[in-house]
Amino acid sequence: MNDNYLEIGIITRFQGNKGEVRVKATTDIPERFLDLDIVYLKRGEELKELEIEYIRFHKQFVIIKFFDVNSIDEAEKLKNYQVLIDESEKYLLPEDNFYVSDLIDCEVYLESGRHLGKLIDVVDTSGTDIFLVQGQDKKYMLPASREMILEIDLENKKIIVDPIPGILDL
């Protein structure tokens, strides 16, 4: 196993009494779980590889049954683990779509060239995502709209923005 993983979900609790776990998907494409045979589970420094017996969907959750996890007690022990895949398994995204993990730590600049700060998080609002930028003296919240994000250069870890007037003063 290498050190390059991509989170696709978080185990929130057990499901039923057969050892299934309930996963809150953190990917925009929950159906991608259906293509997986193996996932990695991480909590703290612990990382383990588990083989998937089957996957199903229930309401807004992904239900996973792992081989060798056959009871409520065993499934409950997996609560709060991140569900990861090897980065080599990530889907190619359409143009102008990005993985959050690729955007984190990008330097953010205004169109004028002024350095605004470093992108530290992307907040999913079920609408327009929000870029959370750590500036020298404060944090900025910028809507990740096509009108405000002028350029994303992943190779150079650089994002150029043109925020609406007044938003940087909030």
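Basis of the calculations
- Residues numbered from 1 in each chain as written.
- Predicted model: local features only at pLDDT ≥ 70, side-chain atom pairs only at ≥ 80, totals over all residues.
- Heavy atoms only, no water.
- Salt bridge = Lys/Arg side-chain N within 4 Å of Asp/Glu carboxyl O.
- Buried < 20%, exposed > 50% of the residue type's maximum accessible area, 1.4 Å probe, protein only.
- Helix = DSSP H or I, 4+ residues; strand = E, 2+ residues; numbered from the N terminus.
- Polar contact = N/O pair within 3.5 Å; in protein donor to acceptor, adjacent residues only side chain to side chain.
- Contact = heavy atoms within 4.5 Å.
- Pairing = 2+ DSSP bridges.
- Axes fitted to C-alpha atoms, helices over the stretch in contact; angles between N-to-C directions.

Quick look at the pattern of salt bridges
It is possible for side chains bearing opposite charge to pair when their charged atoms get close.
Part 1 of the argument: Evaluation of the coordinates by the stated rule reveals seven salt bridges.
Part 2 of the argument: Residues Glu 87 and Lys 90 are paired through a salt bridge, measuring 3.9 Å at the closest nitrogen-oxygen approach.
Part 3 of the argument: On the accessibility criterion, Glu 87 (30% relative accessible area) is partly exposed.

Re the side chain of Thr 27
Part 1 of the argument: Tracing the backbone through its elements, the reader meets Thr 27 in the loop between β2 (20–25) and β3 (38–43).
Part 2 of the argument: A distance of 3.1 Å separates the side chain of Thr 27 from the backbone nitrogen of Ile 29, its partner in a polar contact.
Part 3 of the argument: For Thr 27, the contacting residues outside a window of four places in its chain are Ile 8, Arg 32 and Phe 33.

Some points on unusual backbone geometry
Part 1 of the argument: Here the phi dihedral of Lys 59 falls at roughly 55 degrees; this positive angle occurs in a residue that is not glycine.
Part 2 of the argument: By the element assignment, Lys 59 lies in the loop between β4 (46–58) and β5 (61–66).
Part 3 of the argument: At Asp 105, a position not held by glycine, the phi torsion is positive, near 80 degrees.
Part 4 of the argument: With respect to the helices, strands and loops of the structure, Asp 105 is situated in the loop between α2 (100–103) and β7 (107–110).
Part 5 of the argument: The exposure class of Asp 105 is partly exposed, given its relative accessible area of 42%.

Description of the sheet that holds strand β1 (residues 5–15)
Part 1 of the argument: Spatially, the six strands close up into a barrel ordered β1-β2-β5-β4-β3-β6, and their pairing is antiparallel. Ignoring which end each strand starts from, the neighbouring axes of this sheet average 50 degrees apart.
Part 2 of the argument: Pairing between β1 and strand β6 (residues 82–86): five bridges, direction antiparallel. Note that in β6 the partner of Tyr 5 across the bridge is Asp 86.

Let's talk about the sheet that holds strand β10 (residues 139–143)
Part 1 of the argument: The strand order β10-β9-β8-β7-β12-β11 describes an open sheet built from six strands, whose pairing is mixed. At either end of the open sheet lies a strand with only one pairing partner, and these are β10 and β11 (149–153). The sheet shows a mean angle of 30 degrees between the axes of neighbouring strands, taken without regard to direction.
Part 2 of the argument: Where strand β9 (residues 130–134) lies against β10, five bridges are found, and the strand directions are antiparallel. What sits directly across from Leu 132, in β10, is Met 141.

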